[in-house]
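Topology and contacts: notes
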Amino acid sequence: MNNPHPTSRAPKTLLAILGSPHKSGSTAAMLLCATSAAKRAGWQVQTINLYEKNIAFCRGCRVCIETGRCPHQDDSQEIAALLKSCDAVVLAAPAYWANVPAAVKNMFDRLLGTAMGEKSARPQPRLSRSQRYLLLTACNTPAPFSWLFGQSRGPLRAMDEFFHYAGMSRMGRVAFSGAAGKTTLPDRISRKIESYWK
């Protein structure tokens, strides 16, 4: 398991992104667990709620592929800057139809040029292997059906693909199955999330 605990005097920076419209739901509880553990470990945390940001739909102009920056001005530029400068990212998103919510997918679309370029037949990562990412998802379907039917695997796959092609290193993935109506995390989920900051 990768250990992201800071090794220098300057605190490392964590970008925490909430991709759920529910500020006090199970997905938000997972993100809070991660950020609290990171802060205890000495990390400097910046939290973004995608549902409070003004991020227009991608227009498919692909200018960002050449320039590394989306030409359309809104809050996506703030997220792009934070993503490029952080040491680690935690993205928490619930399972919507075995995938991420539209707000998360739209963020990925708008950050295409931030994540990669296309100077050859293969995507060219624009972020660093030294940057790590942790993925969190909550799913109403109980285990093991959440995994067998792809409800938990779907959002994790979509999130993993973005950060992988951006060139970052995966820290871990945590799925909370059977999360319907629950705002308190089971101990096993809390312990797993916290383990990445020890």
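Residues numbered from 1 in each chain as written. Predicted model: local features only at pLDDT ≥ 70, side-chain atom pairs only at ≥ 80, totals over all residues. Heavy atoms only, no water.

The name recorded for the protein in an unreviewed UniProt entry is NADPH-dependent FMN reductase, from Enterocloster lavalensis.

What follows deals with the overall build of the protein. Each helix and strand in the protein was counted, giving eight helices and seven strands. In summary, the protein has a C-alpha radius of gyration of 16 Å against a globular reference of 16 Å for 198 residues, a match within 12%. Each principal axis of the C-alpha atoms in the protein carries an extent, and together these give about 45 × 45 × 30 Å. The proportion of buried residues among the 198 residues of the protein is 48%. Within the protein, contacts between residues at least 6 apart in sequence are counted, and of these 77% link residues at least 24 apart. Total accessible area computed for the protein in this model is approximately 10200 Å², and 51% of it derives from carbon and sulfur atoms. (Helix = DSSP H or I, 4+ residues; strand = E, 2+ residues; numbered from the N terminus. Rg over C-alpha atoms; globule rule 2.2 N^0.38 Å. Buried < 20%, exposed > 50% of the residue type's maximum accessible area, 1.4 Å probe, protein only. Contact = heavy atoms within 4.5 Å. Areas by Shrake-Rupley, 256 points an atom, 1.4 Å probe, with all protein chains shown as cover.)

Pairing analysis gives six bridges linking strand 1 (residues 13-18) to strand 2 (residues 44-49), with the strands arranged parallel. The residue of strand 2 that forms the bridge with Ile 17 is Ile 48. With helix 1 (residues 26-40) bridging strand 1 and the parallel strand 2, this β-α-β connection has right-handed handedness. (Pairing = 2+ DSSP bridges. Right-handed = clockwise from strand over helix to strand, strands pointing away.)

Turning next to the UniProt feature "domain: NADPH-dependent FMN reductase-like" (unreviewed entry) in the protein. Per the UniProt annotation, the sites labelled "domain: NADPH-dependent FMN reductase-like" (unreviewed entry) are residues 14-112. The distance separating the terminal C-alpha atoms of residues 14-112 is 20 Å; by composition the span is 40% helix and 16% strand. (UniProt positions renumbered as here; feature names shortened; annotations may be inferred.)

Before going further, it helps to spend a moment on helix 8 (residues 187-195). For helix 8, the set of buried residues is Ile 189, Ser 190 and Ile 193. Projected onto a plane normal to the axis of helix 8, the buried residues spread over an arc of 100° and lie on a single side. Facing away from the buried surface of helix 8 by more than 90 degrees, the exposed residues are Asp 187, Arg 188 and Arg 191. Packing partners of the buried residues in helix 8 comprise helix 1, strand 6 (132-139) and strand 7 (169-177). (Arc of directions from axis to C-beta.)

Tracing the chain through its elements places Asp 74 in the loop between helix 2 (63-67) and helix 3 (76-85). Among the polar contacts listed, one links the side chain of Asp 74 to the side chain of Arg 110, at a separation of 2.7 Å. Residues within four places of Asp 74 in sequence aside, it is in contact with Asn 54, Ile 55, Ala 56 and Arg 110. (Polar contact = N/O pair within 3.5 Å; in protein donor to acceptor, adjacent residues only side chain to side chain.)

A cluster of nonpolar side chains, Tyr 51, Tyr 96 and Trp 97, forms an exposed patch at the surface whose accessible area comes to about 430 Å². Position of Tyr 96 among the secondary structure elements: in the loop between strand 3 (88-92) and helix 4 (102-110). (Patch = residues over 30% accessible without salt bridge, like charges linked within 9 Å, V, L, I, M, F, W, Y side chains within 5 Å. Salt bridge = Lys/Arg side-chain N within 4 Å of Asp/Glu carboxyl O.)

For sheets, the rule is that strands pair by backbone hydrogen bonds, running either parallel or antiparallel. Pairing is parallel in the open sheet, where five strands are placed in the order 2-1-3-6-7. Both outer strands of the open sheet, strand 2 and strand 7, are each paired with one neighbouring strand and no more. The mean angle between the axes of side-by-side strands here comes to 15°, regardless of whether they run parallel or antiparallel. Packed on one face of the sheet, helix 7 (residues 153-166) meets strand 3, strand 6 and strand 7 and runs near 165° to strand 6. (Axes fitted to C-alpha atoms, helices over the stretch in contact; angles between N-to-C directions.)

At a closest axis distance of 9 Å, the pairing of helix 1 and helix 8 adopts a crossing angle of 40°. On the basis of the axis angle, helix 1 is oblique to helix 8. The element helix 1 and its partner helix 8 pack so that their crossing is right-handed. Across from Met 30, Cys 33, Ala 34, Ala 37 and Arg 40 in helix 1, the residues of helix 8 making contact are Ile 189, Ser 190, Ile 193 and Glu 194. A class-by-class count of the residues in the contact of helix 1 with helix 8 yields six nonpolar, one polar and two charged. (Parallel < 35°, antiparallel > 145°, perpendicular 65-115°, else oblique. Left-handed = near helix turned anticlockwise from the far one by under 90°. Nonpolar A, V, L, I, M, F, W, Y, C, P; charged D, E, K, R; others polar.)

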